[in-house]
Amino acid sequence: MARTVFCQHLNKEADGLAFQLYPGDLGKRIFDNISQEAWGLWQKKQTMLINEHKLNMMNADHRAMLEEKMVAFLFDGADIEIEGYKPPEA
(Lines give C-alpha, C1' and ligand atoms only; values in the text may rest on other atoms or scores of the structure.)
Protein backbone atom coordinates (compact mmCIF):
# COMPACT_ATOMS: atom_id res chain seq x y z
CA MET A 1 0.00 0.00 0.00
CA ALA A 2 1.37 3.40 -0.98
CA ARG A 3 2.11 5.97 1.69
CA THR A 4 -0.02 9.10 1.34
CA VAL A 5 0.66 12.67 2.43
CA PHE A 6 -1.23 15.92 2.24
CA CYS A 7 0.93 17.56 -0.41
CA GLN A 8 1.58 21.23 0.39
CA HIS A 9 2.48 21.96 -3.23
CA LEU A 10 -0.59 20.36 -4.84
CA ASN A 11 -2.84 21.10 -1.86
CA LYS A 12 -4.35 17.59 -1.89
CA GLU A 13 -3.84 14.05 -0.61
CA ALA A 14 -1.45 12.15 -2.87
CA ASP A 15 1.08 9.32 -2.88
CA GLY A 16 4.09 10.24 -0.78
CA LEU A 17 7.73 9.66 -1.54
CA ALA A 18 9.02 6.15 -0.87
CA PHE A 19 12.02 7.45 1.11
CA GLN A 20 13.73 10.69 2.07
CA LEU A 21 15.43 11.97 -1.09
CA TYR A 22 17.02 15.13 0.34
CA PRO A 23 19.26 15.32 3.43
CA GLY A 24 18.66 17.05 6.74
CA ASP A 25 15.65 18.83 8.20
CA LEU A 26 14.57 20.11 4.79
CA GLY A 27 14.64 16.54 3.48
CA LYS A 28 12.41 15.43 6.36
CA ARG A 29 10.02 18.31 5.65
CA ILE A 30 9.87 17.31 1.97
CA PHE A 31 9.34 13.63 2.84
CA ASP A 32 6.49 14.48 5.23
CA ASN A 33 4.72 17.12 3.09
CA ILE A 34 5.47 16.65 -0.62
CA SER A 35 4.01 14.03 -2.97
CA GLN A 36 5.74 11.99 -5.65
CA GLU A 37 3.90 14.02 -8.29
CA ALA A 38 5.04 17.37 -6.89
CA TRP A 39 8.62 16.10 -6.53
CA GLY A 40 8.56 15.05 -10.19
CA LEU A 41 7.38 18.54 -11.18
CA TRP A 42 10.25 20.01 -9.17
CA GLN A 43 12.80 17.69 -10.81
CA LYS A 44 11.76 18.96 -14.26
CA LYS A 45 12.09 22.59 -13.11
CA GLN A 46 15.40 21.82 -11.44
CA THR A 47 16.85 20.32 -14.62
CA MET A 48 15.73 23.36 -16.60
CA LEU A 49 17.27 25.74 -14.02
CA ILE A 50 20.58 23.85 -14.00
CA ASN A 51 20.75 23.97 -17.79
CA GLU A 52 19.53 27.57 -18.16
CA HIS A 53 21.95 29.00 -15.61
CA LYS A 54 24.76 26.51 -16.34
CA LEU A 55 24.90 25.61 -12.67
CA ASN A 56 27.76 23.55 -11.28
CA MET A 57 26.55 21.31 -8.46
CA MET A 58 30.06 21.29 -7.00
CA ASN A 59 29.65 25.04 -6.33
CA ALA A 60 28.10 25.72 -2.89
CA ASP A 61 26.56 29.01 -4.06
CA HIS A 62 24.84 27.27 -6.98
CA ARG A 63 23.49 24.54 -4.68
CA ALA A 64 22.22 27.16 -2.22
CA MET A 65 20.44 29.07 -5.01
CA LEU A 66 18.84 25.87 -6.28
CA GLU A 67 17.72 24.90 -2.75
CA GLU A 68 16.18 28.36 -2.30
CA LYS A 69 14.23 27.94 -5.55
CA MET A 70 13.18 24.42 -4.51
CA VAL A 71 11.71 25.64 -1.19
CA ALA A 72 9.94 28.51 -2.97
CA PHE A 73 8.48 26.12 -5.56
CA LEU A 74 7.46 23.28 -3.24
CA PHE A 75 6.25 25.20 -0.19
CA ASP A 76 5.61 28.83 -1.13
CA GLY A 77 3.77 28.25 -4.41
CA ALA A 78 6.32 30.24 -6.42
CA ASP A 79 6.20 29.77 -10.16
CA ILE A 80 9.84 29.35 -11.18
CA GLU A 81 10.42 31.20 -14.44
CA ILE A 82 12.82 29.75 -16.97
CA GLU A 83 14.03 32.50 -19.30
CA GLY A 84 13.06 31.81 -22.89
CA TYR A 85 10.89 28.78 -22.04
CA LYS A 86 7.37 28.77 -23.40
CA PRO A 87 5.18 25.85 -22.31
CA PRO A 88 3.44 23.96 -25.10
CA GLU A 89 -0.01 25.24 -25.87
CA ALA A 90 -2.87 22.90 -25.07
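Right, let's walk through the structure included here. This one's a predicted model, so the numbers in the text were calculated from it and none came from an experiment.

1. A few points about the overall build of the protein chain
What the protein chain contains, in helices and strands, is 3 helices and 2 strands. Order of helices (α) and strands (β) in the protein chain, N terminus to C terminus: β-β-α-α-α. Here the protein chain has roughly 6300 Å² of accessible surface; of this, 51% comes from carbon and sulfur atoms. Charged side chains of the protein chain number 10 positive and 14 negative; the gap between the two group centres comes to 3 Å.

2. Regarding the nonpolar core
Membership of the largest hydrophobic core comes to 18 residues, with the highest contact counts inside it found for Ile30, Ile34, Trp39, Trp42, Met70 and Leu74. When contributions to this core are tallied by element, the ones reaching two or more residues are α1 (24–33), α2 (36–53) and α3 (60–75). At 5 residues, the largest contribution of residues to this core is made by α3. Not counting residues within four places of it along the chain, the set of residues in contact with Ile30 comprises Leu17, Tyr22, Trp39, Met70, Leu74 and Phe75.

3. Description of unusual backbone geometry
Positive phi values are uncommon outside glycine, yet Asn11 reaches one of about 60 degrees. You will see that Lys54, though not glycine, has its phi angle at about 50 degrees, which is positive. Along the chain, the position of Lys54 falls in the loop between α2 and α3.

4. Overview of the environment of Leu49
Among the structural elements, Leu49 can be located in helix α2. Residue Leu49 is classed as buried on the basis of its relative accessible area, which comes to 1%. When sequence neighbours within four positions are dropped, the list of residues in contact with Leu49 reads Trp42, Lys54, Leu55, Leu66, Lys69, Ile80 and Ile82.

5. Looking at the side chain of Asn33
Position of Asn33 relative to the elements: it lies in helix α1. Side-chain polar atoms of Asn33 contact the backbone oxygen of Arg29, separated by 2.9 Å. Residues in contact with Asn33, not counting those within four places in the same chain, are Val5, Phe6, Cys7, Gln8 and Phe75.

Analysis parameters
Residues numbered from 1 in each chain as written. Predicted model: local features only at pLDDT ≥ 70, side-chain atom pairs only at ≥ 80, totals over all residues. Heavy atoms only, no water. Helix = DSSP H or I, 4+ residues; strand = E, 2+ residues; numbered from the N terminus. Areas by Shrake-Rupley, 256 points an atom, 1.4 Å probe, with all protein chains shown as cover. Lys, Arg positive; Asp, Glu negative; His and termini not counted. Charge placed at Lys NZ, Arg CZ, Asp CG, Glu CD. Core = buried A, V, L, I, M, F, W, Y, C linked by side-chain atoms within 4.5 Å. Buried < 20%, exposed > 50% of the residue type's maximum accessible area, 1.4 Å probe, protein only. Contact = heavy atoms within 4.5 Å. Polar contact = N/O pair within 3.5 Å; in protein donor to acceptor, adjacent residues only side chain to side chain.

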